[in-house]
Amino acid sequence: MNKCTERIYNGLVKENPTFVLMLGMCPTLAVTTSAINGIGMGLSTTAVLIMSNMLISMLRKIIPDSVRMPAFIVVVASFVTIVDFLLEGFVPSLYDSLGLYIPLIVVNCIILGRAESYASKNPVLPSIFDGVGMGLGFTVGLTSIGIVRELIGAGQIFGIQVMPDSYVPLTIFVLAPGAFFVLAALVALQNKIKRAAAKKGKEVPAAADCGAGCAACGNRGACGGHMTVSQSGNNNRG
Amino acid sequence: MNEKYRVSSSPHIRDKIKSSNIMLMVVIGLLPATVFGIWNFRHENAWILVVVTTAAAVLSEYIYEKLMHKPITINDFSAVVTGLLLALNLPPTLPWWMGVLGSVFAIVVVKQLFGGLGQNFMNPALAARCFLLICFTGQMTSFVYDGVTGPTPLADLKAGEAVNTMDMLIGNIRGTIGETSVIAIMIGAMFLILMGVIDLTIPASYLISFVVFIVIFGGHGLDPQYITAHLCGGGLMLGAWFMATDYVTSPITTKGRILYGVCMGLLTGLFRLFGGSAEGVSYAIIISNLLVPLIEKITLPKPFGKGGER
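As the structure is a prediction and not an experimental result, all values here were calculated from the model.

**Focus on the overall build of chain A**
Inference 1: What chain A contains, in helices and strands, is nine helices and two strands.
Inference 2: The 238 residues of chain A split such that 39% are buried.
Inference 3: Considering only contacts within chain A whose residues lie at least 6 apart along the sequence, 70% involve residues at least 24 apart.

**Details of the interface of chain A and chain B**
Inference 1: With five residues of chain A at the contact, the number on the chain B side is four residues.
Inference 2: Split by residue class, the side of chain A that touches chain B holds four nonpolar, one polar and no charged.

**Brief notes about helix α3 (residues 78-88) of chain B**
Residue and element names in this part refer to chain B.
Inference 1: Counting buried positions over the 11 residues of α3 gives 11, a clear majority of the element.
Inference 2: When α3 is considered as a whole, its buried residues turn out to be Ser78, Ala79, Val80, Val81, Thr82, Gly83, Leu84, Leu85, Leu86, Ala87 and Leu88.
Inference 3: Looking at the buried positions of α3, the neighbouring elements they touch are α1 (19-40), α2 (46-67), α4 (96-112), α5 (124-135) and α12 (236-243).

**Describing the packing of helix α6 (residues 109-119) of chain A against helix α7 (residues 124-154) of chain A**
The description of two packed helices rests on the angle between their axes and on the distance between the axes.
Residue and element names in this part refer to chain A.
Inference 1: Contact pair α6 / α7: the axes reach a minimum separation of 11 Å and the direction vectors enclose 150°. The angle between α6 and α7 places the two elements in the roughly antiparallel class. Once α6 is placed against α7, the crossing between them reads as right-handed. Residue-level contacts link Ile110, Arg114, Tyr118 and Ala119 of α6 to Ser127, Asp130, Gly131, Met134 and Phe138 of α7.
Inference 2: Of the residues contributing to the contact of α6 with α7, the split by class is five nonpolar, two polar and two charged.

**Some details on the packing of α5 of chain B against helix α14 (residues 281-298) of chain B**
Residue and element names in this part refer to chain B.
Inference 1: For the pair α5 and α14, interaxial distance at closest approach is 10 Å and the crossing angle is 130°. In this view, α5 runs oblique relative to α14, as classed from their interaxial angle. For the element pair α5 and α14, the recorded crossing hand is left-handed. Together, Leu126, Ala127, Arg129 and Cys130 of α5 and Ser282, Tyr283, Ile285 and Ile286 of α14 make up the contact between the two elements.

**Quick word on the confidence of the model for chain B**
All names here are of chain B.
Inference 1: With 98% of its residues at a pLDDT of 70 or more, chain B has an overall mean of 88.
Inference 2: The secondary structure element of chain B with the lowest average pLDDT is strand β2 (residues 148-150), at 80, and the one with the highest is helix α10 (residues 201-217), at 93.
Inference 3: In the predicted complex, the global pTM is 0.81; the interface-specific ipTM is 0.77.

**Concerning the environment of Ala284 of chain B**
Inference 1: Within the secondary structure, Ala284 of chain B is located in helix α14.
Inference 2: Taking the C-alpha atoms as reference, Ala284 of chain B lies 10.0 Å from Arg272 of chain B; in sequence the two are 12 residues apart.

Definitions and limits used
Residues numbered from 1 in each chain as written. Chains lettered and ligands numbered in written order. Predicted model: local features only at pLDDT ≥ 70, side-chain atom pairs only at ≥ 80, totals over all residues. Helix = DSSP H or I, 4+ residues; strand = E, 2+ residues; numbered from the N terminus. Buried ≥ 20, exposed ≤ 12 C-beta atoms within 10 Å, placed from the backbone. Contact = placed C-beta atoms within 7 Å. Nonpolar A, V, L, I, M, F, W, Y, C, P; charged D, E, K, R; others polar. Axes fitted to C-alpha atoms, helices over the stretch in contact; angles between N-to-C directions. Parallel < 35°, antiparallel > 145°, perpendicular 65-115°, else oblique. Left-handed = near helix turned anticlockwise from the far one by under 90°. pLDDT = per-residue confidence, 0-100.

As structure tokens, this is what we get:
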């Protein structure tokens, strides 16, 4: 697997920002009342993420270390403003339903996190693909939460009625508590799948990868938080 | 030297009381209100909802524990108590499957996912009631009595209309299945107090602080009719005697219990007088449940010799 596809795989599955890294929880919980909102928010963030990763990676040798955070924010804020205007101009309905959360992409921790931990240390092309992977991972996360919430809470998917007319929607799922229920259930589900895969010997995160320690590591769900030298991964704590 | 020392870890003194005894007594304590509710709403066939909801609670506990390979704990009656309490908190005309959904939510999400009996952070029955209330607001707030739909006495009271306090005491009024009869609830509560299952601290501090709030902010001063109507209306009595006193979700120390009761009293008064709907007991209790860990923290007794002047 070359570096670029590895980045996309990393963002979508291994370090999925929504289900594994648990980043960007504020938009994740707030805007996913329907699938279309989820996909809109995800794609807007993806666009910003790709552009900011690219520019920050280009400027990584120019930006002094001591002022890197303000510099990143300026870059991100510029792209968010562009996306904000584009959405307002071309998809006003989505713009209305996302509301405040579009400008808030500026402080989305996924974007700053990727700028800080990847784009500012790596060449341009992998940084772009890192943005694509992370953005798509975020989009997939938001869309799947949105689909489940919309299906249970309104009986629809992407605004199309899929449940029979006799179905009584559980309104709580399109309200705030539903976001927590669905997010928790989906995270539990993906942990279950990952653990099953890890038991079969596939996709075992080697402890040596955890350079930064377990607290900072996105894979601690899969490795059980062990800081051991064991490379086999057989010590997965059930 | 044939005598052997028996070495064991604490606790060394054990009582005969088990969770199942206590839960069984709570079920017995709930029986007067249940029987009255089923009789009161006989035209609405309330017994079906009670039976189905209780059975669903027990069944979902059994199925969850079976699937998760945990010890089966349905014999301790705690699921029966949860299911029965939930049923008593539902309007008699609610479709039976909504009761089942509530039971599954109470047992699986609120109780089992947090670790089973003793680990739930809020009262499962009340959490399920609030879940249903948000999901199916229409069905959960439509109250029928003798085939006539209308407002509960508490809603009448909020609208400023006259209510019959005697009817509210006896219970032949609109409301959820188990909340209508204050007399039936008090018979069950007396039984629990006499058996030593619940103590007076929590209900007393709850009701007293609620009355104080009503007197100050209710706009009727010390009008006994108004205060009695508020005390007998809605789920206040059921909540104060049976749900606020839940062992798992109430504080341990007396000081903490008083604080917890005052919390519930003030919140209930606040929701009833200034809130959007006429009733607020269930929200008041679960919010206070969430405050219990904090209450425990500030009322933690100091070990002898610790603390004192600094």
